[in-house]
Amino acid sequence: MKKRNWYPLDNAAKIFPAVFSEKRPYNFSFSAILSEKVVPEVLNGAVNNVLARVPTFKTKLKRGVFWYYLEENKKPFRVTEETPDYLGLIDFKENNDYLFKIHYREYKVSIVCFHALTDGNGGLAVFKQILLEYFYLLGKKVDTDGLIKPAAMPDSYKERSDNYVSNYKKAKIKIKKPKNLAHSDGTAFDYDGFGLITATVSTDELKAAAKGMGATLTEYLAGVYLFSFFNTYLKGTNAKKKNVCILIPVDMRKKYESESLRNFSLFVRVQREYTEGVTLEECVAAAVEQVRSGCDEKVLDSINHFNVSVEKNVFLKIVPLFLKDIVLRIGYYFEGENLQSGDFSNVGLVELPKDLAEYVKDVNFSISSSHTSKQLVAAVGYNGKINITFTRNFVENAFERAFISVLAESGMKVRVKSNYWEKKL
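The rules we used
Residues numbered from 1 in each chain as written. Predicted model: local features only at pLDDT ≥ 70, side-chain atom pairs only at ≥ 80, totals over all residues. Heavy atoms only, no water. Helix = DSSP H or I, 4+ residues; strand = E, 2+ residues; numbered from the N terminus. Expected span 1.5 Å × (residues − 1). Buried < 20%, exposed > 50% of the residue type's maximum accessible area, 1.4 Å probe, protein only. Pairing = 2+ DSSP bridges. Axes fitted to C-alpha atoms, helices over the stretch in contact; angles between N-to-C directions. Parallel < 35°, antiparallel > 145°, perpendicular 65-115°, else oblique. Contact = heavy atoms within 4.5 Å. Nonpolar A, V, L, I, M, F, W, Y, C, P; charged D, E, K, R; others polar. Salt bridge = Lys/Arg side-chain N within 4 Å of Asp/Glu carboxyl O.

*Asks:* Account for helix 6 (residues 217-234), with residues named and values stated.
*Replies:* Think of an α-helix as turning once every 3.6 residues; residues three or four places apart then point the same way. In this model, helix 6 (18 residues) spans 25 Å end to end at C-alpha, consistent with the 26 Å of a helix rising 1.5 Å per residue. Counted residue by residue, helix 6 has 16 buried out of 18 residues, so it is predominantly covered. Immediately downstream of helix 6, the backbone of G236 shows phi near 80°, a positive value.

Quick look at the structure:
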């Protein structure tokens, strides 16, 4: 079979090349704290070895007549030393045209991915394979079979598939658009980068708090997000009939037995109108009800049906790309970020092979904020702990303080780290 050297963007990816910018980088990152200092040359070799197994990552973004697409990138990949603003816009030209970066700093290795390439779970799978290959090249005894199929295997195409299109179904449950949304705001940084604060709590303590309210970890943290947002931005203001809406990605791989390493997530909206004296219990209850109803298969199929239908629209197909960019930007304003107050993403527990876990002490997950969605929260579990990372693009950190206070007042021991970005002023 002839090797393929280009790939159409998956359904979710198609929007990002049209709307990304310095103020909207649409990146996410995973970081691993290792048991020993990073050897950059070995790490570089590991990444290039893994790229031979993941052809959709060994690509560059190209403009076609009608759509953007991914084309094989024949340049070597280079790892780079971490910079303070590593979550910002990726300069593809400086990055040898690659849509992801691998950073290192002392004991830390990070992957930063542009969302047109993959989603959080796809990026995490590739990151785990890079770590495995890295320690194998260092001479450690790790499972060389790995976590990702070799590209030569007959069914490895499953990892390259656009599963939005392959799972397209005619389902038409009307999804109501949120109205009168409140948004976070503050004093914008006058330099590049994001304010990052990470709160670390015990998995068992967080589970106990969630269970006490009849919620999962995601539902509980979404409720805390709502409650903290209300108290930070709406309490004491004239905020009648103001809604807060949080967008929560749902990994579709388990629902459809997918092995895709590309984007394959849909979204659940959790929203509530602000009322004076709103309680944490009320916010968690709203999150429980809406996450569960939003994860109904018919609802998710309806969202996917709408998204794929836009792609299949005959008019949009024949519109040249320079006009399509304009159409997509306008459509994204009305159907995208403008319909959310913020994002909360929980990728769940990171499980590593036992022999690899020996060398990985901690894992973190973060998402770049944008000029519209300014307050993002990302959570990941590893080694008995949950790391909750807050990203913002303005100075004030009252929301983070409110959120962490809720956790502490619920009886959890909370360890807090910050990049102190606000101190640069």
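*Asks:* So, unusual backbone geometry: which residues are in play, and what are the values?
*Replies:* At D97, a residue that is not glycine, the phi angle is positive and equals roughly 75°. Of note, D97 is situated in the loop between strand 5 (80-81) and strand 6 (100-105). One non-glycine residue, N383, lies in the positive phi region at around 55°. Structurally, N383 can be placed in the loop between strand 13 (375-382) and strand 14 (385-392). For N383, a relative accessible area of 56% gives the class exposed.

*Asks:* Break down the pairing of strand 9 (residues 243-251) for me, citing the residues and quoting the values.
*Replies:* Among the nine residues that make up strand 9, seven are buried, leaving the element largely enclosed by the rest of the structure. As paired strands, strand 9 and strand 10 (residues 265-273) are joined by nine bridges and run antiparallel to one another. Its bridge partner being in strand 10, I246 is matched across the sheet by V270. Here two bridges tie strand 9 to strand 11 (residues 342-349), and the two strands are oriented parallel to one another. Along strand 11, the bridge assignment pairs I246 with G342.

*Asks:* Now, about the packing of helix 5 (residues 203-211) against helix 6: what can you tell me, with residues and values included?
*Replies:* Two numbers describe how helix 5 lies on helix 6: the axes approach to 9 Å, and their chain directions differ by 75°. Accordingly, the angle class assigned to the pair helix 5 and helix 6 is roughly perpendicular. Each of L206, K207, A209 and A210 in helix 5 lies in contact with helix 6, whose residues at this interface are L217, Y220 and L221. Its residues placed into classes, the contact of helix 5 with helix 6 shows six nonpolar, no polar and one charged.

*Asks:* Quick rundown of the pattern of salt bridges? Include the residues and the values.
*Replies:* Within the structure shown, the criterion is met by 16 salt bridges. Taking the shortest distance from any N to any O, the salt bridge between E297 and K169 comes out at 3.5 Å. In this pair, E297 is assigned in helix 8 (residues 297-312) and K169 in the loop between helix 4 (163-166) and strand 8 (195-202), connecting sequence segments 128 residues apart. R292 is the salt-bridge partner of E219, the closest N and O atoms lying 2.9 Å from each other. A residue pair is termed long-range when its members are at least 10 positions apart, and E219 in helix 6 and R292 in helix 7 (residues 280-294) qualify at 73 residues. You can call E219 buried: its relative accessible area is 3%. Sharing partners across several salt bridges, the network here consists of E82, R105 and K108.

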